[in-house]
Amino acid sequence: MARGSPAAPRRPTPRLLAALLGLHVFALAFALEVSVGKTNTVMALNNSNVLLPCTFTTCIGFQDLVFIWYFNSTEMIYHGKIKNKASEPLLVGRNPRVEFVGSTTKKDNNISILLKNVDFSDAGKYTCHVKNPKEKDAQHNATIFLTVVQKMVEADNTVTLIIVGVVGGLIGLLILFMLIKRVVLFIIKKTQDGKKECLVSSSGNDNTENGLAGSKAEQKAPPKA
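Residues numbered from 1 in each chain as written. Predicted model: local features only at pLDDT ≥ 70, side-chain atom pairs only at ≥ 80, totals over all residues. Heavy atoms only, no water.

Chemist: Which parts of the structure should I look at to understand the overall build of the protein?
Modeler: In terms of helices and strands, the protein carries two helices and 12 strands. Listed by position from the N terminus, the elements making up the protein come as α-β-β-β-β-β-β-β-β-β-β-β-β-α. Among the 225 residues that make up the protein, the fraction classed as buried is 23%. The long-range fraction of contacts in the protein, counting pairs at least 24 apart against all pairs at least 6 apart in sequence, stands at 52%. Accessible surface computed for the protein: about 16800 Å², of which carbon and sulfur atoms make up 62%. (Helix = DSSP H or I, 4+ residues; strand = E, 2+ residues; numbered from the N terminus. Buried < 20%, exposed > 50% of the residue type's maximum accessible area, 1.4 Å probe, protein only. Contact = heavy atoms within 4.5 Å. Areas by Shrake-Rupley, 256 points an atom, 1.4 Å probe, with all protein chains shown as cover.)

In structure tokens form, the structure reads like this:
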């Protein structure tokens, strides 16, 4: 390479690529997470109160964290701010029928709300949105769907019970058939073993009689001339 010529750019080594990939995976693993529980659907009776659950996790902590609940993605129904882990949320704004029922000073960062006196117009999508400035303004959200009904309908389990009964009956018949088969095979085996013993005993007696008859014939004296 001639002097004064620009140096060729160095390609990243495999170790450097692996380190960068590891840092990326590490960042994803410890990123902000928001959850509304195992199921994202809630059913409530008309004119009742319903809990809308939401929790968040972050392994590097939080500072001046902001959380907002939205109805159908546009209407803000609760806005809160949390200074740090040692403090409870401060209310910024809310719908009069919404009450904060969570706690952020305990183990779980619970930012659930209670929606009071729900009616059919409250049915829809509720989004729990969280923003953490300590994670470079990382944001995450989770959605829960609310259904409002006039009365709770008990699930009809008749078909399920019939299916369970039929399957149980078939399994019982199969077990009974296998037991009967084993008993029949056992009886057949015993019968065949008995026949074999009889044949062996009969064969032995025949051989003995033939042998005795031959001996007597040999012992007879030859007739006189």
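Chemist: How should the sheet that holds strand S11 (residues 124-132) be read in this particular structure?
Modeler: Sheet strands associate in pairs through backbone hydrogen bonding, adopting either a parallel or an antiparallel arrangement. Here six strands make up an open sheet; going across it, the order is S2-S12-S11-S5-S6-S7 and the pairing mixed. If you trace the sheet from one side to the other, it starts and ends with strand S2 (41-45) and strand S7 (90-94), each paired once. Along the sheet, successive strands turn relative to each other by an average axial angle of 20°, direction set aside. Here S2 pairs with strand S12 (residues 138-149) via five bridges, running parallel. Counted as the bridge partner of Thr 41 is Phe 145 from S12. (Pairing = 2+ DSSP bridges. Axes fitted to C-alpha atoms, helices over the stretch in contact; angles between N-to-C directions.)

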